[in-house]
Amino acid sequence: MKYTIVGCITKYNVQDIKPYVESIKQSGFNGGKIMLVYDVSGEVLDYLMENDWLIAQGELHEHIILQRFRDMYALLQSSQTDVIIWTDVKDVIFQKDPTKWLDMWMRKDILAFSECVRLKDDPWACVNSGTTFPMEWEYGIKDQISYCAGTIVGKREAIRDLFIDIYRWSKTTANPEQLSDQAAFNVLLRLDHYKHSVEFIEQERGFATQLGTVWVNKDKFPLTEPTPKYLDNGKFYNQKGEEFTIVHQYDRDPYIKNKVYERYN
């Protein structure tokens, strides 16, 4: 099984992406790595290539949050890989080689990772999802757990087609003022022709923790799972003491962000 990590950036400098790049290198991951880039310096390109990243350069015509899904759909038409590990870049680190967990536990075509909060209990989601897809919201999406569009794993063909659907749905919302990739993702996951191919992964299974909800807002949101453990070694663990593979949104806590930057810079 060939795995490829895929990210997308624009206007970032080397320091912005160093925790991401260095954490992947230190994790022992030896699969493919692709970075879709828009408007970055030669220094950033050199740094990525020095660290064995394949560069795919694009030109932005709309917001990166949306266009990245369209461009990844095109890129994945010819990519020679089996499984795509799709993540945000600036706020993600890898604590472990993701292939170890995936070799053991990946059973379906798409893996969606929980944010441990129901959409209706997240004020941001109430606006972002509730105003962009109001009919789906009222028909029950609001009662469902939120899954993160910034950390998705999938077989190449499945995630490729999911990406173009996210893009298309995001272009036809009831509220174009909202960037609705995550809203579209959460609607699509529940459609009959997707849900049977999706495995909904709880945080406690140890692959990904989304700190924007379970850490930063742990005292504000009625979480569906426990807050992760942060130990003196600077790493996050689930309640069973298993080290998370991916830590997402670490930069929303200034203390954690500083610790991450100290470790990787």
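Here, the structure is the one placed above.
Scoring rules and cut-offs
- Residues numbered from 1 in each chain as written.
- Predicted model: local features only at pLDDT ≥ 70, side-chain atom pairs only at ≥ 80, totals over all residues.
- Heavy atoms only, no water.
- Buried < 20%, exposed > 50% of the residue type's maximum accessible area, 1.4 Å probe, protein only.
- Helix = DSSP H or I, 4+ residues; strand = E, 2+ residues; numbered from the N terminus.
- Arc of directions from axis to C-beta.
- 1 Å grid on protein atoms, 1.4 Å probe; cavity = no way out; pocket = protein on both sides within 12 Å on 5 of 7 lines; lining within 4 Å.
- Points joined across faces, edges and corners; volume = space filled by probe spheres on them.
- Nonpolar A, V, L, I, M, F, W, Y, C, P; charged D, E, K, R; others polar.
- Core = buried A, V, L, I, M, F, W, Y, C linked by side-chain atoms within 4.5 Å.

Undergrad: Explain helix α4 (residues 98–105) to me, please; I cannot follow it from the model alone.
TA: Given 3.6 residues per helical turn, the α-helix brings residues three or four places apart onto the same face. Looking only at α4, the buried set comprises Pro98, Thr99, Trp101 and Leu102. Buried residues of α4, seen end-on, are gathered within an arc of 160° and therefore sit on one face of the element. Away from the buried face of α4 by more than 90 degrees, exposed residues Lys100 and Asp103 are located.

Undergrad: Looking at this structure, I do not really get the layout of surface pockets. What am I missing?
TA: Remark: the empty space left among the atoms is shown by a probe the size of a water molecule rolled over them. By volume, the largest pocket is sized at about 770 Å³. The wall of the largest pocket is formed by 33 residues, among which Ile65, Asp88, Asp91, His248 and Arg252 lie closest to the centre. Contributions of two or more residues to the lining of the largest pocket are made by β1 (3–10), α3 (64–75), α5 (123–128), β7 (145–155), α8 (181–190) and α10 (211–214). For the lining of the largest pocket, the leading source of residues is β1, giving four residues. Of the residues contributing to the lining of the largest pocket, the split by class is twelve nonpolar, twelve polar and nine charged.

Undergrad: Would you take a moment to explain the nonpolar core for this structure?
TA: If you look at soluble globular proteins, the nonpolar side chains tend to sit buried side by side. Grouped together as the largest cluster of nonpolar side chains are 39 residues, with contacts concentrated most on Trp86, Ile152, Leu162, Phe163, Ile166 and Phe185. Examining the composition of this core, we find that seven residues originate from one element, helix α7 (residues 156–170), more than from any other. Counting residues in each nonpolar core, the second largest holds 32 residues, with Val14, Val37, Leu48 and Ala208 among its members.

Undergrad: Looking at this structure, how should I read the environment of methionine 104?
TA: Secondary-structure assignment places methionine 104 in helix α4. Separated by 22 residues in the primary sequence, methionine 104 and aspartate 82 place their C-alpha atoms 16 Å from one another.

The values are spatial; any link to function lies outside them.
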